[in-house]
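Descriptive analysis of the structure
What follows is the residue order along each chain.
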Amino acid sequence: MTALASRGPLTAGHVGAPVRWSGRRLPVVVFSHGAHSHQGDHTVMVQELASHGYAAVTVAHQYDTYTGFPDGRVAVPLHDRQAPTLPGDFAADLRFVLDCVEQLAAGCNPDVDQRELPAGLLGSLDPRRMGAFGWSKGGTATACATLADERIRAGLSLDGPMQMNPPLAGDLDRPFMMMTAEFTRATDPEAAAFWSHLRG
């Protein structure tokens with residue numbers, strides 16, 4: 001690993017930055033990374049959304065990526081077929097994050113140790129305007145979570161393979177965008193099947 005790679009992506013954001021808002025609650029967008037990726041790989045997209053007034057939340061899916069904990073521990077990816085790293089596991093992580101957003105919106109600190117939150121965060125998020133997006137496996141997880149949870153008002157999959165066991169099923173009546181390059185409807189039966197259920 002080079003010295004540059006170990007520092008992570010360059011960003012204008014920083015840990016503990018205060019929430020800047022003008023009294024209107026912020027819409028929330030939750031991001032799910034791809035297989036063996038990291039939420040930091042997509043910093044430029046998340047930072048762009050934040051610059052347009054969204055509260056952008058990223059998820060580090062434990063066991064599939066390096067995950068830093070507040071106490072300084074770092075969990076490493078597991079190459080174990082029994083580890084909870086399937087798209088459905090990622091979707092469960094997304095839904096947990098939505099629970100935390102709702103707690104923050106209600107003025108409650110969801111941190112298990114009740115650590116101090118950035119200034120202005122409590123009460124600044126709008127749980128009625130939540131969306132989700134993901135890349136690759138995270139895109140599939142976004143589709144899974146959007147089908148299962150009506151709190152996600154809109155979803156976006158960036159080249160998600162839409163491969164699930166059992167398959168993604170059921171009509172989706174909210175907006176969902178599929179941006180594909182590798183897993184297109186023309187070449188991927190799972191993507192075509194999911195597309196046929198989009199009604200939003």
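My aim in this report is to walk through the structure given alongside it, one point at a time.

About the criteria used
- Residues numbered from 1 in each chain as written.
- Predicted model: local features only at pLDDT ≥ 70, side-chain atom pairs only at ≥ 80, totals over all residues.
- Heavy atoms only, no water.
- Phe/Tyr/Trp six-rings, centres within 6.5 Å; stacked < 30°, edge-to-face > 60°.
- Lys NZ or Arg CZ within 6 Å of the ring centre and 35° of its normal.
- Axes fitted to C-alpha atoms, helices over the stretch in contact; angles between N-to-C directions.
- Helix = DSSP H or I, 4+ residues; strand = E, 2+ residues; numbered from the N terminus.
- Parallel < 35°, antiparallel > 145°, perpendicular 65-115°, else oblique.
- Left-handed = near helix turned anticlockwise from the far one by under 90°.
- Contact = heavy atoms within 4.5 Å.
- Nonpolar A, V, L, I, M, F, W, Y, C, P; charged D, E, K, R; others polar.
- Patch = residues over 30% accessible without salt bridge, like charges linked within 9 Å, V, L, I, M, F, W, Y side chains within 5 Å.
- Areas by Shrake-Rupley, 256 points an atom, 1.4 Å probe, with all protein chains shown as cover.
- Salt bridge = Lys/Arg side-chain N within 4 Å of Asp/Glu carboxyl O.
- 1 Å grid on protein atoms, 1.4 Å probe; cavity = no way out; pocket = protein on both sides within 12 Å on 5 of 7 lines; lining within 4 Å.
- Points joined across faces, edges and corners; volume = space filled by probe spheres on them.
- Buried < 20%, exposed > 50% of the residue type's maximum accessible area, 1.4 Å probe, protein only.
- Polar contact = N/O pair within 3.5 Å; in protein donor to acceptor, adjacent residues only side chain to side chain.
- Core = buried A, V, L, I, M, F, W, Y, C linked by side-chain atoms within 4.5 Å.
- Pairing = 2+ DSSP bridges.

Within this structure, the stated rule accounts for two aromatic pairs. The ring of Trp195 carries the charged tip of Arg185 above its face, separated from the ring centre by 3.9 Å.

Interhelical geometry of helix α3 (residues 87-105) versus helix α4 (residues 137-148) gives an angle of 60 degrees and a closest axis separation of 8 Å. With respect to their mutual orientation, α3 and α4 come out oblique. As for the relative orientation of α3 and α4, their crossing is right-handed in sense. The residues of α4 that touch α3, namely those facing Pro87, Gly88, Phe90, Ala91, Leu94 and Arg95, are Lys137, Gly138, Thr140, Ala141, Thr142, Cys144, Ala145 and Ala148. Grouping the constituent residues of the contact of α3 with α4 by class yields eight nonpolar, four polar and two charged.

Taken together, Tyr66, Val74 and Val76 make up a surface patch of nonpolar side chains, about 300 Å² in accessible area. Mapped onto the fold, Val76 is located in the loop between β4 (74-75) and α3.

Glancing now at the layout of surface pockets. Size it by volume and the largest pocket reaches roughly 2700 Å³. The set of elements that each furnish at least two residues to the lining of the largest pocket consists of α2 (43-51), β2 (55-59), β3 (67-68) and α3. With six residues, α3 is the single largest residue contributor to the lining of the largest pocket. Taken together, the residues of the lining of the largest pocket break down into 28 nonpolar, 16 polar and five charged.

Turning next to the environment of Thr140. Note that Thr140 resides in helix α4. Overall, the relative accessible area of 0% leaves Thr140 in the buried class. For Thr140, the contacting residues outside a window of four places in its chain are Pro87, Ser157, Gly160, Pro161, Met162, Gln163 and Met164.

Moving on to the side chain of Thr142. Summarising the element assignment, Thr142 is placed in helix α4. A distance of 3.3 Å separates a polar atom in the side chain of Thr142 from the backbone nitrogen of Gly134.

Another aspect to go through is the nonpolar core. Here is a general trend for soluble globular proteins: nonpolar side chains tend to be buried in one another's company. Membership of the largest hydrophobic core comes to 30 residues, with the highest contact counts inside it found for Phe176 and Phe194. Every element with two or more residues in this core is listed here: β1 (26-32), β2, α3, β5 (125-135), α4, β7 (176-179) and α5 (189-195). For this core, the leading source of residues is α3, giving seven residues. Setting aside anything within four residues of it in sequence, one finds Phe176 in contact with Gly139, Thr142, Ala143, Thr146, Gly155, Leu156, Ser157, Met162, Phe194 and Leu198.

Taking strand neighbours across the sheet as the criterion, the five strands line up as β2-β1-β5-β6-β7 in an open arrangement whose pairing is parallel. What marks the edges here is a single partner per strand, and that holds for β2 and β7. Averaged over all pairs of adjacent strands, the angle between strand axes in this sheet comes to 15 degrees, irrespective of strand direction. Relative to β7, strand β6 (residues 152-158) is paired through four bridges, and the arrangement is parallel. Paired with Leu156 across the two strands is Met177, which belongs to β7. In this fold α3 packs onto β1, β2, β5 and β6, with an angle of close to 155 degrees to the strand it touches most, β5. The strands touched by α4 are β1, β5, β6 and β7; relative to β5, the strand with the most contacts, the crossing angle is about 140 degrees.

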